[in-house]
Amino acid sequence: MEKLYVEFLIWASGIGTNEGYEALLNELFTKEPDNSLLLELELISSDISETRARFLRYFNHENALDTAVFGKDLFSSLERIYRSELLPIADFAVKCNLLSHYLPQELYFVDPFYILSYIDDPLGWNDEMQVRELCEKAFGFYK
């Protein structure tokens, strides 16, 4: 479920499209058509707010989020997108900041997740190098 949540966050923050999320959700649902969570996610898959709320309810009340698995998947995905240079660094940083607001509250002030909440701050003084340094620091956390 952590990988699916990562794909959702990538889509919800605008770092990527919903294609990765939809593909993984469909793959998981095909393997487990009786899974009520996956069915519910399928039914609300076009609604970011409802999907976010459902993920948070799942991880807060039904099954604990494996922070290590989640963090490794999240920062690996972010690094892949960052290195692809599909987004200008400023856009990437702003969207990473947005992504931080979709994280479960208990992760918001925990490194490396916390870095996402201020990764775009150096853009205020046109310091893209510092943004890149923050990215590298976050990506290196799980290596």
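Please refer to the structure higher up on the page.
This report concerns the structure included in the present document. (Residues numbered from 1 in each chain as written. Predicted model: local features only at pLDDT ≥ 70, side-chain atom pairs only at ≥ 80, totals over all residues. Heavy atoms only, no water.)

### Some remarks on the side chain of Ser117
Position of Ser117 relative to the elements: it lies in helix H7 (residues 113-118). Polar contacts involving the side chain of Ser117 include one to the main-chain carbonyl oxygen of Tyr114, which spans 2.6 Å. Once residues within four sequence positions are removed from consideration, Ser117 is found in contact with Asn97, Ser100 and Tyr108. (Helix = DSSP H or I, 4+ residues; strand = E, 2+ residues; numbered from the N terminus. Polar contact = N/O pair within 3.5 Å; in protein donor to acceptor, adjacent residues only side chain to side chain. Contact = heavy atoms within 4.5 Å.)

### What to know about the packing of aromatic side chains
Taken as a whole and judged by the stated rule, the model has 22 aromatic pairs. Geometrically, the ring pair formed by Phe8 and Tyr21 is edge-to-face, given 5.9 Å between the ring centres and 65° between the ring planes. Placement of Phe8 in helix H1 (residues 2-12) and of Tyr21 in helix H2 (residues 19-31) is noted, with a sequence separation of 13 residues between them. We note that Phe8, like Tyr21, is buried. Between Tyr114 and Tyr118, the ring centres sit 5.3 Å apart and the planes meet at 65°, which makes this aromatic pair edge-to-face. Of the two residues, Tyr114 and Tyr118 both sit in helix H7, four residues apart, roughly one turn of that helix. Exposure remark for Tyr114: the relative accessible area of 30% places this residue in the partly exposed category. (Phe/Tyr/Trp six-rings, centres within 6.5 Å; stacked < 30°, edge-to-face > 60°. Buried < 20%, exposed > 50% of the residue type's maximum accessible area, 1.4 Å probe, protein only.)

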